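Chain and residue survey
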Amino acid sequence: GMPWRRASRRRYRQTEMTNMTFWKFSKDSKLLDANYVKADVDIFWTMHAKGRHKVPFETFLDLLDEIAKRKNVCRAELDYYVIKNAKPEITGTRGKSKFYDDKELWSGVAAKGGPSTND
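Residues numbered from 1 in each chain as written. Predicted model: local features only at pLDDT ≥ 70, side-chain atom pairs only at ≥ 80, totals over all residues. Heavy atoms only, no water.

A few points about unusual backbone geometry
Although it is not a glycine, Lys 50 adopts a positive phi angle of roughly 50°. Relative to the helices and strands, Lys 50 is located in the loop between helix 3 (38-49) and strand 2 (54-56). A positive phi angle, close to 65°, is found at Asn 72, a residue other than glycine. Here Asn 72 is to be found in the loop between helix 4 (57-71) and helix 5 (75-85). (Helix = DSSP H or I, 4+ residues; strand = E, 2+ residues; numbered from the N terminus.)

Description of the environment of Thr 46
Tracing the chain through its elements places Thr 46 in helix 3. The spatial distance from the C-alpha of Thr 46 to the C-alpha of Asn 19 is 8.8 Å, given a sequence separation of 27 residues.

Some points on the pattern of salt bridges
The full count for this structure, using the stated rule, is 6 salt bridges. Taking the shortest distance from any N to any O, the salt bridge between Lys 24 and Asp 28 comes out at 3.0 Å. Of this pair, Lys 24 and Asp 28 are both found in helix 2 (residues 19-28), 4 residues apart, which corresponds to roughly one turn of the helix. On the basis of relative accessibility, which here comes to 30%, the residue Lys 24 falls in the partly exposed class. Look at Asp 28 and you get buried, because its relative accessible area is 8%. Here Arg 75 makes a salt bridge to Asp 79, at a shortest N to O gap of 3.1 Å. One end of the pair is Arg 75 and the other is Asp 79, both in helix 5 and 4 residues apart, which spans about a single turn. Judged by its relative accessible area of 0%, Asp 79 falls in the buried class. Through salt bridges with shared partners, a single network forms among Asp 65, Arg 75 and Asp 79. (Salt bridge = Lys/Arg side-chain N within 4 Å of Asp/Glu carboxyl O. Buried < 20%, exposed > 50% of the residue type's maximum accessible area, 1.4 Å probe, protein only.)

Observations regarding helix 2
By the burial criterion, the buried members of helix 2 are Thr 21, Phe 22, Trp 23, Phe 25, Ser 26 and Asp 28. Downstream of helix 2 by one or two residues, Lys 30 has phi in the positive range, about 55°.

Some points on the packing of helix 3 against helix 4
Between helix 3 and helix 4, the least distance of the axes is 10 Å, while the angle of their chain directions is 140°. In terms of their interaxial angle, helix 3 and helix 4 are classed as oblique. The handedness of the crossing between helix 3 and helix 4 is right-handed. Each of Asp 40, Phe 44, Trp 45, Met 47 and His 48 in helix 3 lies in contact with helix 4, whose residues at this interface are Thr 59, Asp 62, Leu 63, Glu 66, Ile 67 and Arg 70. Across the contact of helix 3 with helix 4, the residue classes tally to 5 nonpolar, 2 polar and 4 charged. (Axes fitted to C-alpha atoms, helices over the stretch in contact; angles between N-to-C directions. Parallel < 35°, antiparallel > 145°, perpendicular 65-115°, else oblique. Left-handed = near helix turned anticlockwise from the far one by under 90°. Contact = heavy atoms within 4.5 Å. Nonpolar A, V, L, I, M, F, W, Y, C, P; charged D, E, K, R; others polar.)

A short note on the nonpolar core
Counting 20 residues, the largest nonpolar core has Phe 22, Phe 25 and Ile 67 as its most contacted members. Apart from the residues within four sequence positions on either side, Phe 22 is in contact with Met 17, Tyr 36, Val 41, Phe 44, Trp 45, Phe 60, Leu 63 and Ile 67. (Core = buried A, V, L, I, M, F, W, Y, C linked by side-chain atoms within 4.5 Å.)

Structure, rendered in C-alpha cells:
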C-alpha cells in the first residue's frame, strides 16, 4: 500500500491549487525555460482545470506529467528537480505553500509518480 497517503490525508483539503499558485510554482521551482513558457502554464491549466478556479492535488499531478512531457524528462526527474529548487522561504507568504513546503507530500509524489518497475 501507500503509507504516505495516510500521513498526508489530514492536510489534503489544503492542497488545492489556483492558476496563480501553479504559475508561481512553475516560476519558483525554476521550471520555466525555452520548452516550458508562460503560455504553456496557461494552456496546461486550461486543459486540466476545465473552468474550475481551483484544482485538487490529483490534477496538479497531471499538470506535472504535462510539464515533464513538454520538457522531455521523466516524472521522477522532474519531481527531484522541483524538490531541489523549491524555495523554503515562501513559507508564511500568502497563498497555499503546501506544494513546496511539504517534503513528505513531495516524496510521496515522487514515489507514486516515478516510473514503475513492475510494468
